[in-house]
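Chain by chain, the residues run as shown.
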Amino acid sequence: MSVSGRHGGSTVAGISVVICVYTEDRWEDILAAVASVRAQSLTARETLLVVDHNASLLDRLAKEYKETEGVRVLANAGPRGLSAGRNTGIAASSGEVIAFLDDDAVAERDWLHHFAEGYADPKVFAVGGRTMPVWESRRRPAWFPEEFDWVVGCTYKGLPEGRVRVRNVLGGNASFRRTAFEAAGGFATGIGRDGDKRPLGCEETELCIRLTRARPDAILLIDDRAVIHHRVPAARERFHYFRTRTYAEGLSKALVARSVGADKGLESERRYATRVLPAGVGRGLRDALLARPGGAGRAGAIVAGVVTAAGGYVLGSVRARRGGATFSVVEIEKDADGEKGAAA
């Protein structure tokens, strides 16, 4: 792999960082995200800010980083949404590893260093990290179960600890070899988020399953030393958002299952639903009996989350069978002039 950064005197692989952005409401968050990348112990090869169909934000960021070496601002070249933005970043990047950071998160100093370590094994095609919530209210809501931290884009209770092999990484804190996209294509459009609309997801799950089908020898890792801190706004601390997000997850999982089959598409979810969540309900009820704050609320939220996710999955499956919900996989390829581009 190419060499572009150093940590403790040793050379490591060049990594491009892609940050997808869509609203000026997150202006300070975006600046903080870029600053955290520029402060890495392992220097990123480049930072790409991909703006999702927002001309005002595109112009403002272009002016902000006009004189900043190593930061490029570009427009999403595909349809509106996070998946197409990521594909635009992949196509425009030059690193042999591409890392993704949410626009409302900041990475700890050794984030890229820990990613790079994972790629010492040539069979490793993806490395993800640990995402910690930063609650706007300054503390976790008493009713909010850690088992559902994925609702706010964070690492949830039940994921294995350390550096471990996984089915899929989580998209807001993840990296992939470029050859992963050459083997499997890019992120599927029609699954992931589109700005502030219904909070769909699972595009990284679908990609990772597609990757391991294309390359059965591929290893995907999570290294929980690769830490980012993700801001959780007050609106996402409320039960209404919790219910909306879990429902949307069910819709998304139905699309993934249709793409890759229910056996593979729900493999990790079965363990989560049969082991992790019942244990969480038990802890909540125990805390309620001991008069600890939030115990009953956490147990109830887990049950509600399961019910709403299941409802979304059933409806999503019906829509998928009727052809009412579709998505497409983008191939990342080179243009005729040798520059990388994205084609449907």
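Residues numbered from 1 in each chain as written. Predicted model: local features only at pLDDT ≥ 70, side-chain atom pairs only at ≥ 80, totals over all residues. Heavy atoms only, no water.

**Details of the overall build of the chain**
Basically, it comes down to this: In this description a helix means any DSSP run of H or I spanning at least four residues, a strand means any run of E spanning at least two, and both kinds are numbered starting from the N terminus. When checking whether two residues touch, look at their non-hydrogen atoms; a contact exists if any pair is within 4.5 Å. Residue burial considers only the protein chains on display, and all accessible areas are found by Shrake-Rupley using a 1.4 Å probe.
When helices and strands are counted, the chain shows 10 helices and 15 strands. The long-range share in the chain, meaning contacts at least 24 apart out of those at least 6 apart in sequence, stands at 76%. Accessible surface for the chain amounts to roughly 15400 Å². Of this, 51% is attributable to carbon and sulfur atoms.

**Considerations on the packing of helix α1 (residues 27-38) against helix α2 (residues 55-64)**
Quick reminder of the rule: Every axis in this analysis is a line fitted to C-alpha atoms, fitted for helices over the stretch in contact. Angles between the N-to-C directions lie between 0 and 180 degrees. Should an angle fall under 35 degrees it is called roughly parallel, over 145 degrees roughly antiparallel, and 65 to 115 degrees roughly perpendicular, with every other angle called oblique. We call a crossing left-handed when the near helix sits turned anticlockwise from the far one by less than a right angle, and right-handed when that turn is clockwise. Residues were grouped as follows: Ala, Val, Leu, Ile, Met, Phe, Trp, Tyr, Cys and Pro as nonpolar; Asp, Glu, Lys and Arg as charged; and all remaining residues, including Gly, as polar.
One way to put it is that α1 packs onto α2 with a least axis distance of 13 Å and a crossing angle of 40°. When the axis of α1 is compared with that of α2, the two are oblique. Judged by the twist between their axes, the crossing of α1 over α2 is right-handed. Counted together, Trp 27, Ile 30 and Leu 31 of α1 and Leu 57, Arg 60, Leu 61 and Glu 64 of α2 form the full contact between these two elements. Each residue belonging to the contact of α1 with α2 can be placed in one class, and the counts come to five nonpolar, no polar and two charged.

**Looking at α1**
Note the following rule: Take the number of residues in a helix, subtract one, and multiply by 1.5 Å to get its expected span. For every residue, the accessible area (1.4 Å probe, protein chains only) is compared with the maximum for its type, and the residue is labelled buried under 20%, exposed over 50%, or partly exposed between those bounds.
With 12 residues, α1 ought to run about 16 Å at 1.5 Å a step, and its terminal C-alpha atoms sit 17 Å apart, in line with that. Listed in full, the buried residues belonging to α1 are Trp 27, Asp 29, Ile 30, Ala 33, Val 34, Ser 36 and Val 37.

**What to know about the pattern of salt bridges**
Here is the rule: Any Lys or Arg side-chain nitrogen found within 4 Å of a carboxyl oxygen on Asp or Glu counts as a salt bridge.
The final tally for this structure, using the stated rule, is 21 salt bridges. Asp 223 serves as the salt-bridge partner of Arg 163, at 3.4 Å between the closest nitrogen and oxygen. Of this pair, Arg 163 sits in strand β9 (residues 163-165) while Asp 223 sits in strand β12 (residues 219-232), and the two are 60 residues apart along the sequence. Here Asp 223 falls in the buried class, since its relative accessible area comes to 2%.

**Let's talk about the packing of aromatic side chains**
Condition: We call Phe, Tyr and Trp rings a pair once their centres come within 6.5 Å, taking the six-membered ring for Trp, and we label the pair stacked below 30 degrees between planes, edge-to-face above 60, and tilted otherwise.
Within this structure, the stated rule accounts for 16 aromatic pairs. Summarising the aromatic geometry, the rings of Phe 100 and Phe 187 are spaced 5.5 Å apart at their centres and angled 90° between planes, so their arrangement reads as edge-to-face. One end of the pair, Phe 100, is in strand β6 (residues 97-101); the other, Phe 187, is in the loop between α5 (178-184) and β11 (188-189), and 87 residues separate them in sequence. Both residues of the pair, Phe 100 and Phe 187, belong to the buried class. Each ring, one from Phe 176 and one from Phe 181, has its centre 5.3 Å from the other, and the planes form 50°; the classification is tilted.

**Focus: the pairing of β12**
For clarity, the threshold we go by: Any two strands are treated as partners once DSSP identifies two or more bridges connecting them.
Burial analysis of β12 places 11 of its 14 residues in the buried class, which makes it a mostly covered element. Note: strand β7 (residues 105-107) against β12, three bridges, orientation antiparallel. Note that in β12 the partner of Ala 107 across the bridge is Ile 228.

**Some thoughts on the pairing of β6**
Strand residues, when the strand is regular, have side chains that alternate between the two faces of the sheet. Counting buried residues in β6 gives five out of five residues, a clear majority hidden from the surface. Where burial is concerned, the two faces of β6 agree: the one with Val 97, Ala 99 and Leu 101 and the one with Ile 98 and Phe 100 are both buried. Bridging between strand β3 (residues 15-21) and β6 involves four bridges; their strand directions are parallel. Paired with Val 18 across the two strands is Phe 100, which belongs to β6. Judged from the five bridges that link them, β6 and strand β10 (residues 173-177) form a sheet pairing that is antiparallel. Across the sheet, the residue bridging to Phe 100 is Ala 174, located in β10.

**With respect to the nonpolar core**
The condition is simple: What makes a nonpolar core is a set of buried Ala, Val, Leu, Ile, Met, Phe, Trp, Tyr and Cys residues whose side-chain atoms join them at distances within 4.5 Å.
Ranked by size, the top nonpolar core spans 33 residues in total, and within it Val 17, Ile 19, Leu 49, Leu 61, Leu 101, Trp 111 and Leu 112 carry the most contacts. Among the elements that line this core, the one with the most residues is α1, at five residues. Residue contacts for Leu 101: discarding those within four places in its chain leaves Val 17, Val 18, Ile 19, Cys 20, Ala 33, Ser 36, Val 37, Ala 107, Trp 111, Gly 172 and Ile 228.

**Considering the confidence of the model for the chain**
Applied cut-off: A residue's pLDDT is simply how confident the predictor is in it, with values from 0 to 100.
Chain-level statistics for the chain give a pLDDT mean of 88 and a share of 84% at 70 or above. Long-range and interchain partners of residues 1-12, a stretch whose pLDDT sits below 50, account for 32 contacts in this model, where long-range means more than four residues apart. The low-confidence segment residues 334-344 (pLDDT under 50) makes 22 contacts with residues lying over four places distant or belonging to another chain.

**Considerations on the environment of Ala 309**
Within the secondary structure layout, Ala 309 lies in helix α10 (residues 295-321). It is 4.9 Å that separates the C-alpha atoms of Ala 309 and Thr 246, two residues lying 63 residues apart in sequence. Not counting residues up to four positions away in its chain, the partners in contact with Ala 309 are Thr 246, Tyr 247 and Gly 250.

**Describing the environment of Arg 298**
Relative to the elements of secondary structure, Arg 298 occurs in helix α10. Looking at Arg 298, the relative accessible area reads 19%, which means it is buried. Put simply, Arg 298 and Asp 287 are 11 residues apart on the chain and 9.5 Å apart in space, counted from C-alpha to C-alpha. Apart from the residues within four sequence positions on either side, Arg 298 is in contact with Ala 142, Trp 143, Phe 144, Pro 145, Asp 287 and Pro 293.

**Some remarks on unusual backbone geometry**
In this structure, His 53 takes a positive phi of about 55° despite not being glycine. Within the element layout of this structure, His 53 appears in the loop between β4 (46-51) and α2. A relative accessible area of 40% places His 53 in the partly exposed class. Despite not being glycine, Arg 138 has its phi angle at roughly 80°, a positive value. Among the structural elements, Arg 138 can be located in the loop between β8 (124-135) and β9.

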